[in-house]
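Commentary on secondary and tertiary structure
Residue-level listing of the chains:
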Amino acid sequence: MLLAMQRNWVFHTLLQPGDEFIASNKLYGGSINQFNHSFKNFGWNVVWADTDDLSTFENAITDKTKAIFIESLANPGGIVTDIEAIAKIAKKAGIPLIVDNTMATPYLCRSIEHGANIIVESLTKFLGGHGNSMGGIIVDGGNFDWSASGKCPMLSEPRPEYSNMVLHETFGNFAFAIACRVLGLRDLGAAISPFNAFQTLTGIETLPLRMERHCQNAQKVAEWLSGHEAIESGSLCGA
Ligand SMILES: *Cc1c(COP(=O)(O)O)cnc(C)c1O
């Protein structure tokens, strides 16, 4: 689904006032600010955890925790997050794992195959690729049972504004994508314009070619730097 304000929509669909979510402390600055400040106005409370010490994720889980949010490749820093290990923690707690895959792009990281349930990406950067449109995307992995833990009432309980329809019951494994539309789009707006959607989709067609070249360039820079006499050690993407 193409849209703007992808993070707001995801959380609007999952959280109610007083709820908590756990977020990695290695995140894009815009996300850190949004979680620390504007989300507080909705009564959504972020609890920070450290991707270098996964026990901090486990220890942060409470009865109020409704989701975990991480970046696959953190911006800034290029730190590689252990998606699989954190997905296991989320699964055990009965909550979805949301992965921001903006930096890695689907070319380098297919987070759903590592256990993620929801992906968000900025379309403004590598995906669109031409600096001509702003946007974001939410991908519903279709691999989360919204009714099992009782922690996602927006999807597992009747929605009064839709004749008491239970979204998970009616839409099955694409209930979250539908919920983002019928709750997020309806209430928050922020639909991408058709022209920007067109430009973004045209840009995405060349993603593999552009990413291949970005990787070749990064490799060259890393090799040059690690051979430089003034540099003690070099690494690519925190590896
Ligand atoms: C840039 C960026 C965003 C926000 O992108 P917008 O297009 O401004 O919504 C979110 N996450 C990461 C990791 C980013 O690098």
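Residues numbered from 1 in each chain as written. Predicted model: local features only at pLDDT ≥ 70, side-chain atom pairs only at ≥ 80, totals over all residues. Heavy atoms only, no water.

1. Details of the overall build of the protein
Across its full length, the protein holds 10 helices and seven strands. Here the C-alpha radius of gyration of the protein, 19 Å, is about what a compact globule of 239 residues would show, namely 18 Å. When its C-alpha atoms are laid out on the principal axes, the protein stretches across 65 × 45 × 30 Å. By residue count, 44% of the 239 residues in the protein fall in the buried class. The contacts of the protein with a sequence gap of at least 6 include a subset with a gap of at least 24, amounting to 66%. Taken as a whole, the protein presents about 12000 Å² of accessible surface, with 55% of it coming from carbon and sulfur. Taking the 17 positively charged and 24 negatively charged side chains of the protein as two groups, their mean positions are separated by 4 Å. (Helix = DSSP H or I, 4+ residues; strand = E, 2+ residues; numbered from the N terminus. Rg over C-alpha atoms; globule rule 2.2 N^0.38 Å. Buried < 20%, exposed > 50% of the residue type's maximum accessible area, 1.4 Å probe, protein only. Contact = heavy atoms within 4.5 Å. Areas by Shrake-Rupley, 256 points an atom, 1.4 Å probe, with all protein chains shown as cover. Lys, Arg positive; Asp, Glu negative; His and termini not counted. Charge placed at Lys NZ, Arg CZ, Asp CG, Glu CD.)

2. Observations concerning the pattern of salt bridges
By the definition in use, this model includes eight salt bridges. Here Asp52 makes a salt bridge to Lys26, at a shortest N to O gap of 3.5 Å. Taken together, the residues span a long stretch of sequence, with Asp52 in the loop between strand S3 (45-49) and helix H3 (55-60) and Lys26 in the loop between strand S2 (20-24) and helix H2 (29-36) at a distance of 26 residues. Residue class for Lys26 comes out buried when judged on its relative accessible area of 18%. Between Arg186 and Glu161 there is a salt bridge; the shortest N-O distance is 3.2 Å. Of the two residues, Arg186 sits in helix H8 (residues 175-188) while Glu161 sits in the loop between helix H6 (153-156) and helix H7 (167-171), which places them 25 residues apart along the sequence. Residue Arg186 is classed as partly exposed on the basis of its relative accessible area of 38%. Residues participating in the shared-partner salt-bridge network are Arg159, Glu161, Arg186 and Asp187. (Salt bridge = Lys/Arg side-chain N within 4 Å of Asp/Glu carboxyl O.)

3. Examining the domain arrangement of the protein
Much of the literature gives interface size as the accessible area that the parts lose upon coming together. For the protein, the assigned domains are domain 1 (3-194) and domain 2 (206-239). In this structure, domain 1 and domain 2 have C-alpha centres spaced 30 Å apart. Each partner contributes to the roughly 810 Å² buried at the junction of domain 1 and domain 2, and carbon and sulfur atoms together form 73% of this total. Across the domain 1-domain 2 interface, the total number found is zero salt bridges. Applying the counting criterion to the domain 1 and domain 2 interface returns two residue pairs in polar contact (both at pLDDT 80 or more). Here the side of domain 1 that touches domain 2 is composed, by residue class, of eight nonpolar, five polar and no charged. (Domains from an automatic or database assignment. Buried area = accessible area lost by both parts, 1.4 Å probe. Polar contact = N/O pair within 3.5 Å; in protein donor to acceptor, adjacent residues only side chain to side chain. Nonpolar A, V, L, I, M, F, W, Y, C, P; charged D, E, K, R; others polar.)

4. Considering the site of the ligand
All residues adjacent to the ligand are Gln6, Arg7, Tyr28, Glu71, Asn75, Asp100, Thr102, Ser122, Thr124, Lys125 and Gly135. Within the side chain of Ser122, an N or O atom sits 2.6 Å from an oxygen atom of the ligand. Class assignment for the residues of the shell around the ligand results in one nonpolar, six polar and four charged. (Near = heavy atom within 4 Å.)

5. Points about the packing of helix H1 (residues 6-14) against H8
Taken N-terminus to C-terminus, the directions of H1 and H8 make an angle of 105°; their axes are 9 Å apart at the nearest point. Taken together, the axis directions place H1 and H8 in an arrangement best described as roughly perpendicular. Along its contact with H1, which presents Asn8, Trp9, Val10, His12, Thr13 and Leu14, the element H8 presents Phe176, Ala179, Cys180, Leu183, Gly184, Leu185, Asp187 and Leu188. In the contact of H1 with H8, the residues fall into nine nonpolar, four polar and one charged. (Axes fitted to C-alpha atoms, helices over the stretch in contact; angles between N-to-C directions. Parallel < 35°, antiparallel > 145°, perpendicular 65-115°, else oblique.)

6. Digging into the packing of aromatic side chains
The description of an aromatic ring pair rests on the distance of the ring centres and on the angle between the ring planes. Going through the model one piece at a time under the given rule, you end up with 15 aromatic pairs. Three or more aromatic residues joined by ring pairs form one cluster here, namely Phe11, Phe21, Phe35, Phe39, Phe42, Trp44, Trp48 and Phe69. (Phe/Tyr/Trp six-rings, centres within 6.5 Å; stacked < 30°, edge-to-face > 60°.)

7. Thoughts on H1
Taken across its nine residues, H1 has nine buried, putting it largely inside the fold. Turning to H1, its buried residues are Gln6, Arg7, Asn8, Trp9, Val10, Phe11, His12, Thr13 and Leu14.

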